[in-house]
Amino acid sequence: MGELLTSVADGVGRLTLNRPDALNAINHAMVLGIRNALARWRTDPEVSLVVLDGAGDRGLSAGGDIRALHANALAGRNDLTRHFWHDEYELCAIIDEYPKPFLSIMDGITMGGGVGASAHASIRIVTEKSRVAMPETRIGFSPDVGGTHLLARAPGELGTYLALNAATMTPSDALACGFADYYVPSERLPHLYQALGERADPGSPAEIILLFDETPPPSELVAHRDWIDRCYSAESVADIIERLGAESNRDARVAADALTRLSPLALTVALAAVRTARGLGTLRASLAQEYRVSSWLADQPDWAEGIRAQVIDKDRKPRWMPSTLAAVPANVADVALNHHPPRH
């Protein structure tokens, strides 16, 4: 069994991320495998619909294979990491622009690179188990795989909050923030797969999904929008933290405390990246900016240190450089956003 399973049956091309022991973390070979399958199916008359899902019962994908990227950093081979990102980001654009219906099943944990592989699909399904996030600031990084494009278009300042705090969305939050389209209880997924394969004509997959779609609970994140909009509209990360601290709401103070533990460098760059993405018209433009930012951040100490603290050693005690927001150079966001990475 490979790390990516592909099959065609009853008009459905199915892609299954198959690394359940690693929560379906996406590596370079899987990215290339998905791209190759999509290229074949683009003109294949036997495929009228593409479905992406993940093996196992924990989630679609926890993200990119950052253990491998950490090994690249330690070996001085960030060129390999840039090559991976180049191909991964291009896959996000291919999915976004795909001429056939592309349905992603964001069941369970769907984070980082998992969002990149699913949230640009034309039809995006969440279930009651879905937990969706762009958690990059936890590892000294900035949202990528088109995340800034999605976050920039979330209502009000919700995307800014999600980007900086690496907060996890419930299925209702994901729907409200534009990361998903439909809510289908997980127990109904097998029946949905069957209906997609048995449909009498190509029809509209959305019409079939509506047979299984339910109304989710209200979004808790949207309920917090007043203080989020008030605080996260501030000009800088330091000002955001100051505004959060002045709120009487306990959740706002918890959010402020969380920000003080994250990489000052990554927070500064992530804020600028999401805000700049608001003015970029296309996903491809956001992906191009993310590639510049990612390539720059990969060469900074916080990237490898953040992965070490969160994923490798799991001591949750990263030593950020610089350690305070005040020590972050004033021009650092401009440097990152306008970085010229070497050719991969």
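For the structure itself, consult the block above.
Here we summarise the structure given alongside this text. Here the residue numbers are simple positions, counted from 1 along each chain's written sequence. Note on the predicted model: pLDDT of at least 70 is required for a residue's local features to be given, and 80 or more for side-chain atom pairs to be given and counted; whole-chain, interface and lining totals, by contrast, use all residues. As a rule here, side-chain values come from all non-hydrogen atoms in the structure, and water together with hydrogens is ignored.

Here, nonpolar core refers to any group of buried Ala, Val, Leu, Ile, Met, Phe, Trp, Tyr and Cys residues whose side-chain atoms link them within 4.5 Å. The classification of residues rests on relative accessible area computed with a 1.4 Å probe and restricted to protein chains. Under 20% of the type maximum is buried, over 50% is exposed, and intermediate values are partly exposed. One finds Leu 38, Phe 179, Tyr 232 and Leu 244 to be the most contacted residues of the largest nonpolar core, which totals 91 residues. Only DSSP runs of H or I reaching four residues or more are called helices, and only runs of E reaching two or more are called strands; each is numbered from the N terminus. Among the elements that make up this core, the one with the highest residue count is helix H14 (residues 264-277) (9 residues). Note on contacts: a residue pair qualifies if any of its non-hydrogen atoms lie within 4.5 Å across the two residues. The residues contacting Leu 38, other than those within four sequence positions of it, are Leu 15, Val 50, Leu 91, Ile 94, Ile 95, Tyr 98 and Phe 102. Counting residues in each nonpolar core, the second largest holds 16 residues, with Ile 125, Tyr 182, Leu 189 and Ile 209 among its members.

Before going further, it helps to examine empty space enclosed by the protein. With a 1 Å grid spanning the protein atoms alone, the term cavity applies to any set of points in which a 1.4 Å probe fits but cannot get out, the term pocket to an open set with protein on both sides within 12 Å along at least five of seven lines, and the term lining residue to any residue with an atom within 4 Å of a point. Grid points are joined across faces, edges and corners, and a volume is the space filled by probe spheres set on the points. Enumeration according to the criterion identifies 1 cavity of 30 Å³ or more in this entry. In this structure, the largest cavity spans a volume of roughly 50 Å³. Contributing elements (two or more residues each) for the lining of the largest cavity: helix H1 (28-42), helix H3 (78-96) and helix H4 (113-118). Of the residues belonging to the lining of the largest cavity, the class tally is 6 nonpolar, 2 polar and 1 charged. Three categories are distinguished: nonpolar for Ala, Val, Leu, Ile, Met, Phe, Trp, Tyr, Cys and Pro, charged for Asp, Glu, Lys and Arg, and polar for the others, with Gly belonging to the last.

Glancing now at the pairing of strand S7 (residues 123-126). Judged by which residues are buried, S7 turns out to be covered on both faces: Ile 123 and Ile 125 on one side and Arg 124 and Val 126 on the other are all buried. Bridging between strand S5 (residues 102-106) and S7 involves 4 bridges; their strand directions are parallel. The residue of S7 that forms the bridge with Ser 104 is Arg 124. Only strands that DSSP links by at least two bridges are regarded as paired with each other. Of the strand pairs in this sheet, S7 and strand S10 (residues 182-183) are connected by 2 bridges, and their pairing is parallel. By the bridge assignment, Val 126 is partnered in S10 with Tyr 183.

Across the sheet, 4 strands lie side by side as S4-S6-S8-S9; this open sheet has mixed pairing. Since the sheet does not close on itself, it has two edges, and those belong to strand S4 (59-61) and strand S9 (168-169), each with one partner. Summarising the sheet, strand S8 (residues 131-133) and S9 pair through 2 bridges and their orientation is antiparallel. Across the sheet, residue Ala 133 finds its bridge partner in S9, namely Thr 168.

A few words on the side chain of Ser 186. Along the chain, the position of Ser 186 falls in the loop between S10 and helix H8 (189-198). Excluding anything up to four places from it in sequence, Ser 186 contacts Asp 107, Thr 127, Glu 128 and Lys 129.

The sheet built from 6 strands is open, its strands ordered S1-S2-S3-S5-S7-S10 with mixed pairing. Every interior strand has two partners, whereas the edge strands, strand S1 (4-9) and S10, have only one. Helix axes are fitted to C-alpha atoms over the stretch in contact, other axes to C-alpha atoms as well, and angles between N-to-C directions run from 0 to 180 degrees. Across the face of the sheet, H8 comes into contact with strand S2 (12-17), strand S3 (49-54), S5 and S7 while running at roughly 160° to S3.

Salt bridges are defined as contacts in which a side-chain nitrogen from Lys or Arg sits within 4 Å of a carboxyl oxygen from Asp or Glu. This structure, assessed with the given rule, holds 16 salt bridges. A salt bridge links Arg 278 to Glu 157; the nearest nitrogen and oxygen atoms lie 2.9 Å apart. Of the two residues, Arg 278 is situated in the loop between H14 and helix H15 (283-298) and Glu 157 in the loop between helix H5 (147-152) and helix H6 (158-165); the sequence distance between them amounts to 121 residues. The shortest N-O distance in the salt bridge between Arg 188 and Glu 214 comes to 3.1 Å. You can see Arg 188 sitting in the loop between S10 and H8 and its partner Glu 214 sitting in the loop between helix H9 (205-209) and helix H10 (220-223), a full 26 residues away along the chain. Residue classification places Arg 188 among the partly exposed residues on the basis of a relative accessible area of 27%. Residue class for Glu 214 comes out partly exposed when judged on its relative accessible area of 33%. One network of salt bridges, in which partners are shared, links Glu 305, Arg 308, Asp 313 and Asp 315.

With that settled, the discussion passes to the layout of surface pockets. Of the voids in this model, the largest pocket is the one considered here, and its volume is about 800 Å³. Considering the residues around the largest pocket, the lining is formed by 31 residues, among which Ala 62, Gly 63, Gly 64, Ile 66 and Val 311 are closest to the centre. Listed by contribution, the elements that provide at least two residues to the lining of the largest pocket are helix H2 (66-74), H3, strand S6 (109-111) and helix H16 (301-312). Of the residues contributing to the lining of the largest pocket, the split by class is 16 nonpolar, 5 polar and 10 charged.

Side-chain rings of Phe, Tyr and Trp (the six-membered ring for Trp) are treated as a pair once their centres are within 6.5 Å; stacked means planes under 30 degrees apart, edge-to-face means over 60, and tilted covers the remaining angles. Under the criterion given, the structure shown has 7 aromatic pairs. Ring geometry for Tyr 161 versus Tyr 232: centroids 5.5 Å apart, planes at 85°, classification edge-to-face. A residue pair is termed long-range when its members are at least 10 positions apart, and Tyr 161 in helix H6 and Tyr 232 in helix H11 (residues 225-232) qualify at 71 residues. Residue classification places Tyr 161 among the buried positions, given a relative accessible area of 16%. By the ring-pair criterion, three or more aromatic residues cluster together here, those being Trp 85, Phe 141 and Trp 303. Counting as a charge over the ring demands two things of the Lys NZ or Arg CZ atom: a distance within 6 Å of the ring centre and an angle within 35 degrees of the ring normal. Sitting above the plane of the Tyr 193 ring, Arg 14 keeps its charged end 4.1 Å from the centroid.

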